[in-house]
Amino acid sequence: MKHRRPQVQLSFQFLFCLLVSATAFGQSGNYDWTSQNLNIQNSRFAELDQINKSNVANLTESWTYSPGPQDSILQVTPLVANGVMYLHSANTMFALNAASGEELWRRPLDRGPAGGPVRGSTYAEGRIYAYRGADLYAFDAETGAEIRSFGETGFVQVVTDALRHKYPDVYPSNTDPINLGYRLTTPPTVHEGKMYVAAALSEGHIPGGLVIRIDAITGTVEWVFNTVPQVPSDSGWEIARDTWGTGQRAGGGVWTPPAIDTEFGLVYVNAGNPSPDYDGSARVGANLFTNATVALDINTGELAWYFQAVHHDLWDWDHVTGPLLFDVTNEEGEIVKGVAAGGKNCLFYMWHRETGEPLFPMPETAMPTETDVPGEVVYPTQPIPHNARGIPMDPLCATYIPFDDPELAARSKQIYTPYSLTEPYIVAHGGSSFGSASFSPRTQLVYITGKNGAISLTVRPVGDSLTPGPDGRGHTENYASLDRVSEAYPASTTVSAYSPIDGEQVWQAELPAQSAIGASGNLVTAGDLIFQGLESGAFHALDAENGETLFVYQTSRSIRSSPLTYAVEGRQYISVVSTNTVVTLTLP
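What comes next is a walk through the structure. (Residues numbered from 1 in each chain as written. Predicted model: local features only at pLDDT ≥ 70, side-chain atom pairs only at ≥ 80, totals over all residues. Heavy atoms only, no water.)

## Let's talk about the layout of surface pockets
Picture a little ball the size of a water molecule; that probe, rolled over the atoms, points out where space is still empty. What the second largest pocket holds in volume is close to 580 Å³. Lining of the second largest pocket is provided by 26 residues; of these, Trp-255, Lys-344, Ser-433, Ile-517 and Gly-518 occupy positions nearest its centre. Looking at side-chain class alone, the lining of the second largest pocket contains nine nonpolar, ten polar and seven charged residues. (1 Å grid on protein atoms, 1.4 Å probe; cavity = no way out; pocket = protein on both sides within 12 Å on 5 of 7 lines; lining within 4 Å. Points joined across faces, edges and corners; volume = space filled by probe spheres on them. Nonpolar A, V, L, I, M, F, W, Y, C, P; charged D, E, K, R; others polar.)

This is the structure we're talking about:
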């Protein structure tokens, strides 16, 4: 494990925020975790240090809770507000005593079709918002009663409403977005009475991912942004129009919660891959705004700026992790306001969040373009993040797969080599995923979780023949064979620390993994600890300064969710979902 330590200066603003947070914690004894990534910055930094490097090895199990086999919570990050924990499956909303795990109430989610994973809820102003399929539900956080003023008695068909709001002449009132490939895969972000909802699923061959602002009280749609502009009235059309060739404009689903900067009045999202995944012959061009970090005007939903991380994706390399907002103080004493993101290509990106300019150079770099896929035009360059020294940034996971076996070694190709019709090339395919990164203002480091993995794949051409649908046809229909070569190259999990001051990777820890996909996220605390769960059921506490493992708690089943921490009556807890059980730890 390597270590490179940047100079750290704490800004006055950060110290003031710590003082305010500490005062609030001291008065109430509670510290809440009210959204999947804690706050509108998606920072996953908790100002709690009761559990710290000196005592983390003393953590013990406080309580567990299982909703039952009919309610899957595999990827869920629960919430805590005012001493109550909230979580939901695709079928049921639950409220628990956060100090004991005792169930307080449960309510059914059964008014719209299910579909897609459930990853958490959102709390705001005494309300709990849950999602299922392409719809939203609102409950009174104390009683569990439906909020009848929200849509139709606590229920909003938010994707249907958004499609009708955006394209009233295309989608009738009885439109079923699930059959068009749409679904929600992430909780919404709520700020000052407005809710920002993200809709996927690229693999459903959707006509663009949606970012939807609604009134959090009534559920009324206020604006909609399409990540793949379809018509001249769509924001960004003039930029994206000529980047799609003559075929359908599909994909760009938004998998993760939007972030918000109130100073600049911007909403940030990461758009996913275009569809079909591996055959781009019908979508010649860069395919904007897929695989991009996109900033939108918070009041109008108009495009403010974008940066595409992967042009004309042919590898299913969703630009999915984040966006995460951070402030750091550089060596000149200047505050740098940035936004970070990562994805399945194992590269890490940082920009000035007001303008979208890279913090450090990202030169367009020539890549392999030879292909035997009919009609395919491989994009000739890709942006490669560099650090302040002008050196390519260390990736967060493997970008080339080494093999001892000569046959496998001959098949292993460099990053951005397009897959073939006949040759079973092996290309790195792990990366970061839906699990968010975190940022500590104490260390001024961003921590991102990834996977080392690989795929061998041959392409089945589909051209422009696909239509939107409720399955994963944008993925499954355009490969003839797929092998994750896991026996020859076992997967592993990485946690990497990056300095936004100079772009250096300060350290990287490598931990076991059972698959090369679906990395869950981490969190970081004022106790200078990072918590990370693994598919083996191991729950690690790492030193935020150097990545060393300080403590491991072995749960009974796989962890595929991101953790949270909170405090009730002055006592700090750490929770994570182990397959279908909430496991909560605390000090004796």
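Structure's up, so let's keep going.
## Some remarks on the sheet that holds strand β25 (residues 438–440)
With antiparallel pairing, four strands are arranged side by side in an open sheet as β25-β26-β29-β30. A single partner strand is all that each edge strand has here, and the edge strands are β25 and β30 (505–512). Recorded for the sheet is a direction-independent mean angle of 25 degrees between the axes of neighbouring strands. Of the strand pairs in this sheet, β25 and strand β26 (residues 445–452) are connected by three bridges, and their pairing is antiparallel. Paired with Phe-439 across the two strands is Val-446, which belongs to β26. (Pairing = 2+ DSSP bridges. Helix = DSSP H or I, 4+ residues; strand = E, 2+ residues; numbered from the N terminus. Axes fitted to C-alpha atoms, helices over the stretch in contact; angles between N-to-C directions.)

## A look at the state of the cysteines
Taken as a whole and assessed by the stated rule, the structure comprises one disulfide. The disulfide that involves Cys-346 links it to Cys-397, with 1.8 Å between the sulfurs. On the sign convention where negative means left-handed, the S-S torsion of about -100 degrees between Cys-346 and Cys-397 marks this disulfide as left-handed. Of this pair, Cys-346 sits in the loop between β20 (335–342) and β21 (348–352) while Cys-397 sits in the loop between β23 (381–383) and α4 (406–411), and the two are 51 residues apart along the sequence. Of the two residues, Cys-346 and Cys-397, neither departs from the other in class, the shared state being buried. (Disulfide = S-S within 2.5 Å. Buried < 20%, exposed > 50% of the residue type's maximum accessible area, 1.4 Å probe, protein only.)

## So, the sheet that holds strand β31 (residues 522–525)
Pairing is mixed in the open sheet, where five strands are placed in the order β1-β31-β32-β33-β34. Where the open sheet ends on each side, the last strands, each with one partner, are β1 (45–46) and β34 (549–554). Both strand β33 (residues 538–543) and β34 contribute to a ladder of five bridges, which runs antiparallel. In the sheet register, Leu-542 faces β34, and the bridge partner there is Thr-549.

## Observations concerning the pattern of salt bridges
The final tally for this structure, using the stated rule, is 20 salt bridges. Across the salt bridge formed by Glu-545 and Lys-53, the nearest N and O atoms sit 2.8 Å from each other. With a gap of 492 residues between them, Glu-545 in the loop between β33 and β34 and Lys-53 in the loop between β1 and β2 (60–65) connect regions that are remote in the sequence. For Lys-53, a relative accessible area of 31% puts it in the partly exposed group. For Arg-241, the salt bridge goes to Glu-238, with nearest N and O atoms at 3.4 Å. By relative accessible area, which is 33% here, Arg-241 ends up partly exposed. For Glu-238, a relative accessible area of 55% translates into the label exposed. Taken together, the salt bridges that share partners define one network made up of Asp-261, Glu-263, Asp-327, Lys-337 and Arg-353. (Salt bridge = Lys/Arg side-chain N within 4 Å of Asp/Glu carboxyl O.)

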